[in-house]
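So you can see what is in the structure, the chains are spelled out below.
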Amino acid sequence: SAFESYRLVCGLGDVAGDGVVPVVSAHLEGADQVTLQCYHSITPPADPIKMRKVWYGSELVVDAWLGPLMEAFELGAQKASAA
């Protein structure tokens, strides 16, 4: 269950997350933060009340993280070539 997964990762089960990783563990210090409203896996939880049909690879979600990722890569490449 998500509760057990979160508990194993951060010590608390009753926190927000994507069904596998709690948000508090996904946000890395010093990194740009992108918080998405989706699930970790393409297979959503069995509970129909909580069921969302989007995951990180869904068309609705990809642009939310791919754009910032590509910008970070481009910035890193510019810094590397300037060094």
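The preceding data block contains the structure.
Nothing here was measured: the structure is a model prediction, and the numbers come from that model.

Draft legend 1. Spotlight on the overall build of the chain. From N to C terminus, the chain includes 3 helices and 0 strands. Out of the 83 residues in the chain, the part that is buried amounts to 13%. The long-range fraction of contacts in the chain, counting pairs at least 24 apart against all pairs at least 6 apart in sequence, stands at 9%. Counting only carbon and sulfur atoms, one obtains 61% of the accessible surface of the chain, whose full area is about 6300 Å².

Draft legend 2. View of a nonpolar patch on the surface. Taken together, the side chains of Val34, Trp65, Leu66, Leu69, Met70 and Phe73 make up a nonpolar region of the molecular surface, amounting to roughly 500 Å² of accessible area. In this structure, Leu66 sits in helix H3 (residues 59-82). Of the residues examined, Leu66 reaches a relative accessible area of 32% and is grouped as partly exposed.

Draft legend 3. H3, seen in detail. In this model, H3 (24 residues) spans 35 Å end to end at C-alpha, consistent with the 34 Å of a helix rising 1.5 Å per residue. Most pronounced at Leu66, the bend in H3 amounts to some 25 degrees, and the proline Pro68 follows within four residues.

Draft legend 4. Geometry of the pattern of salt bridges. Applying the stated criterion across every chain, the model contains 1 salt bridge. Taking the shortest distance from any N to any O, the salt bridge between Glu4 and Arg7 comes out at 2.6 Å. With Glu4 and Arg7 both in helix H1 (residues 2-10) and 3 residues apart, this pair spans about one turn of that helix. Take Glu4: its relative accessible area is 33%, and that puts it in the partly exposed class. Look at Arg7 and you get partly exposed, because its relative accessible area is 38%.

Draft legend 5. Focus on the side chain of Asp18. Positionally, Asp18 belongs in the loop between H1 and helix H2 (23-26). Of note is the side chain of Asp18, whose polar atom sits 2.9 Å from the backbone nitrogen of Val20. Within the local environment of Asp18, its side chain forms a polar contact with the side chain of Tyr56, the two groups lying 2.4 Å apart. Contact partners of Asp18, with chain neighbours within four places excluded, come to Tyr6, Cys38, Tyr39, His40 and Tyr56.

Draft legend 6. A look at the environment of Gln33. By the secondary structure assignment, Gln33 is in the loop between H2 and H3. For Gln33, a relative accessible area of 38% puts it in the partly exposed group. For the pair Gln33 and Trp65, spaced 32 residues apart in sequence, the C-alpha separation works out to 9.7 Å. Those residues in contact with Gln33 that lie beyond four places of it in its chain are His27 and Leu28.

Conventions adopted
- Residues numbered from 1 in each chain as written.
- Predicted model: local features only at pLDDT ≥ 70, side-chain atom pairs only at ≥ 80, totals over all residues.
- Heavy atoms only, no water.
- Helix = DSSP H or I, 4+ residues; strand = E, 2+ residues; numbered from the N terminus.
- Buried < 20%, exposed > 50% of the residue type's maximum accessible area, 1.4 Å probe, protein only.
- Contact = heavy atoms within 4.5 Å.
- Areas by Shrake-Rupley, 256 points an atom, 1.4 Å probe, with all protein chains shown as cover.
- Patch = residues over 30% accessible without salt bridge, like charges linked within 9 Å, V, L, I, M, F, W, Y side chains within 5 Å.
- Salt bridge = Lys/Arg side-chain N within 4 Å of Asp/Glu carboxyl O.
- Expected span 1.5 Å × (residues − 1).
- Bend = angle between axes of the 7 residues up to and from the residue.
- Polar contact = N/O pair within 3.5 Å; in protein donor to acceptor, adjacent residues only side chain to side chain.

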